[in-house]
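Here are the chains, one letter per residue:
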Amino acid sequence: MSKKYQLFLRKMKKLRDNNKDKIYFLDVVLNLIILKKMSDLKWLHKVLESNHVKELFNFKMIKDFLPPKLFTEMVDTISQYDFSKLTDFEFADFHNMLVDDDIQKERGQVFTKQWIVDYIIDRLEIDSNMKILEPSVGFGNFVSGLIRKVDKLDLDKLTLYDIDSIALKFSSLMVQMKNIEYNGRFSGKPEYIHGNLLNGADDPLYDVVIGNPPYINIYNIPEEEKKYYAKNYFSSYKKYDLYMLFIEKGLRMLKPGGKLGFIISDKILKQPNGEKIRKYILENSKILEITDLTDIKVFESKTVSNVLVFLQKESDMSKLKKHKICIRRLKINETGSAEIVSDNWKAQGDFIGEGYKFNIDINEEREKVLNRIEEQSVRLGDFCYVNWGTRSVPAKDFHLREALDMDSRKLIKGENINKFNISYTGKWLNYKPEKMYNPLFPEMFEVPKMIFCEVTGKEGIIAACDHEGYFTDHSLSVCVPVHHLQNLPKNHRFYKKIDFSEIEISRKTPVEYLLALVNSKLMFFYFSTKLSSKLNVYPNHVKALPIKITSELKVEKIKNISNKLIANMNHISRFEKNNLYYMEWDNIENRNLFGESLFDVQLIKDKPLKKAIQFKYSNDELFFGTLLKIRPKEWIPGIFTKLLVKDALLSYFATFDKNCYSSEHFVDFIKKYNFKIPLDVKNIDSDLQKSSKRCQSLKLKSNELYKRLNDDIYSIYGLSNDDIKVIDKFYNEFQLTKKSKLKHFTL
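So, here's what we can say about the structure. Values in this document were obtained by computation on a predicted structure and should not be read as measured data.

About the cut-offs
- Residues numbered from 1 in each chain as written.
- Predicted model: local features only at pLDDT ≥ 70, side-chain atom pairs only at ≥ 80, totals over all residues.
- Heavy atoms only, no water.
- Helix = DSSP H or I, 4+ residues; strand = E, 2+ residues; numbered from the N terminus.
- Buried < 20%, exposed > 50% of the residue type's maximum accessible area, 1.4 Å probe, protein only.
- Contact = heavy atoms within 4.5 Å.
- Pairing = 2+ DSSP bridges.
- Axes fitted to C-alpha atoms, helices over the stretch in contact; angles between N-to-C directions.
- Polar contact = N/O pair within 3.5 Å; in protein donor to acceptor, adjacent residues only side chain to side chain.
- Phe/Tyr/Trp six-rings, centres within 6.5 Å; stacked < 30°, edge-to-face > 60°.

Quick look at the overall build of the protein chain now. Within the protein chain, the regular secondary structure consists of 29 helices and 23 strands. Buried positions account for 54% of the 747 residues belonging to the protein chain. Nonlocal contacts in the protein chain, meaning residues at least 24 apart in sequence, comprise 79% of its contacts between residues at least 6 apart.

With respect to topology, 4 strands assemble into an open sheet ordered S14-S18-S15-S21, the strand pairing being mixed. The open sheet has two edge strands, strand S14 (399–400) and strand S21 (471–472), and neither has a second partner. Across 2 bridges, strand S15 (residues 408–412) lies against S21 in parallel orientation. Bridge pairing in S21 links Ile412 to Thr472.

A separate point is the sheet that holds strand S22 (residues 476–481). Reading across from one edge, S13-S22-S19-S20 is the order of the 4 strands in this open sheet, with antiparallel pairing throughout. In this open sheet, the two strands that pair with only one neighbour each are strand S13 (384–388) and strand S20 (463–466). Between one strand and the next, the sheet's axes are offset by a mean angle of 25 degrees, whatever the strand orientation. Relative to S22, strand S19 (residues 449–453) runs antiparallel, the two sharing 4 bridges. Bridging across to S22, Cys453 finds its partner in Leu476.

A few words on the side chain of Lys259. Assignment of secondary structure puts Lys259 in strand S7 (residues 254–265). Judged by its relative accessible area of 17%, Lys259 is buried. A distance of 3.4 Å separates polar atoms of two side chains, one belonging to Lys259 and the other to Glu125. Among residues more than four places away in sequence, those in contact with Lys259 are Leu124, Glu125, Asp207, Val208, Val209, Leu254, Leu288, Leu311 and Gln312.

In total, this model carries 16 aromatic pairs according to the counting rule given. Taking 5.9 Å as the distance between ring centres and 50 degrees as the angle between the ring planes, the aromatic pair formed by Phe524 and Phe730 counts as tilted. Of this pair, Phe524 sits in helix H20 (residues 521–531) while Phe730 is found in helix H29 (residues 721–736), placing the two residues 206 residues apart along the sequence. Each member of the pair, Phe524 as well as Phe730, is classed as buried. Between Phe525 and Phe730, the aromatic rings sit 5.5 Å apart at their centres with planes inclined by 85 degrees, giving edge-to-face as the arrangement. Of the two residues, Phe525 sits in helix H20 while Phe730 sits in helix H29, which places them 205 residues apart along the sequence.

On to the environment of Asp164. Structurally, the position occupied by Asp164 is in the loop between strand S3 (158–162) and helix H11 (165–181). Spatially, the C-alpha atom of Asp164 lies 9.9 Å from that of Phe139, the residues being 25 residues apart in sequence.

The subject of this paragraph is unusual backbone geometry. For the bond running from Val393 to Pro394, omega is -5 degrees, close enough to zero to count as cis. In this structure, Pro394 sits in the loop between S13 and helix H17 (395–398). Of note, the phi angle at Glu125 is positive, near 50 degrees, even though the residue is not glycine. Tracing the backbone shows Glu125 in the loop between helix H9 (114–124) and strand S1 (132–134). Look at Tyr356: it is not a glycine, yet its phi comes out positive at around 50 degrees. Within the secondary structure layout, Tyr356 lies in the loop between strand S11 (338–347) and helix H16 (364–375).

Quick look at the structure:
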């Protein structure tokens, strides 16, 4: 979108915000813009007389509803811009930008790109005689695609549902625009239904069900709707998402042999909440194709990864088990077009089993490696207690910037966890079990443990080891070897939930050894192919990780490498977040200026200064803890008083970018400041370079350590060279689709 249109949007949003009903205002704007786009004449006169306007809404009502001044200003603003060259997809995106993000999120609305629409239509082999249902029409992208791609399309056979009346009107106007653009390409008029398809009858009337169903989690569904879905949908299971119900509903409404094509979240492939819909799909349809789009950013504003599913209604299980599924991977080439990376085939019967997981990443050679890993392992959950962290909601009542009392505990979240490293950022938990939704129990946090991130994207397992007794929120999974919990009282409410039968294994496997295994390439391979669709890590995934129990000597060897990586990662993490702290303080003037003992200056007793800095840098104690050791010394000129130092620091922090706390910025500040501080800037720059080189050296050493660690782990699991090649190939393919990150020790 050009700057010109961005300016237009800002103006329209401002007008929208001055109107008492934003949705109705948007309704009017869209209609007026489309009418302008459809004509190069004096379009306002056409607005006043237009049959389109009379058909879609009462124009007198618009004038009565909108204040005359506002309506005139709106018309004048629209008149200044030429919309004739906007494509329908650009126009839908334009609509997308005008709608509040919270409204789109509430309705699960996302913009589907043209190449995806075209791919789905082509794969379903749609012709003009087919009856077509789109359960959630949105902005009309699929309607537009059908008109473009299906010759002699009969729109009378098209049924469009949506809970959003504006989306339906927008789609209707899109069809009218296409009627002008593609005169003679199609006939008839779609049936528009304002309502929720999930609440309607199941009549199998359609040859094709197509679209991008809404992604709305159960937590965002009203209670009455949840009760209805629980009663009427087999796939309403655990923390389901609405798109799962739309798949079930779509299959119900297909004629025998009819086809469904949806773009959905890849969570459906393996996550526990998708178990029932996977079972329903396997027993009621042939899976024609699963198209893996996880290497492509499909929705600009979304973090979700996606797949396309193509299903054909069928209930004969003897046919379904033998049916071969095409597993296809796509990428976007340099021209911006979709390109096939690979096609593999799997028997549909291979997906029938525990959890009905769609393991699309498992081929025959990978299956052999997975079996070999499992044959000689025990599950992590057999000798560790695994659960979410505290569910402390609402967060504002329990998450603190500083400790309040004896119930305050140091708190870490997902943002604090890297592989082998925890970066504490000064947050606290107001641990009040009697007031918390799910506080769990403090003994779980106060012992040596592993902590796993939940949302890791495609990075697989991200885990760190904790000996500091940090408490966590529910974005993390906590994993505690059960021998650390054996002293719980037998009447403790969690005691019966912990399995102590493998306590001896627990004692033989220190958390540093376990951490090395779960952060290894082998475990990335196992997790990504067998357990998850690479986006989320849940406690059940952690419990299922295969752990090799080996000799004490080998355990100690792995533990030592793990400890070295932990130390390196801690140093690297601190340097990158706060390289000022890691300068080599060889210069006596630097030591005099910055001091050597924590908070040993008079200035830190100045409460306004301390409060200001804590507010600005509550996430980096090390940074301001070191910086604020500045104190006036005898050699500091008399004119540079404590007050001037305080003012200088306050000025510095007042303009400091929270994400750029580094010594370069501090040096720049000193250079520009009016008062001369007796500090050798060249020495600071030199010290910074020394520390930077040291950090780079540690990264290289960490890469070597990580390589040695993986080789040792392959040996412990008894893998052959061929097995290792399979894992390394899979891991390297991942690296090619992901920019290198420190977490993976790839520079």
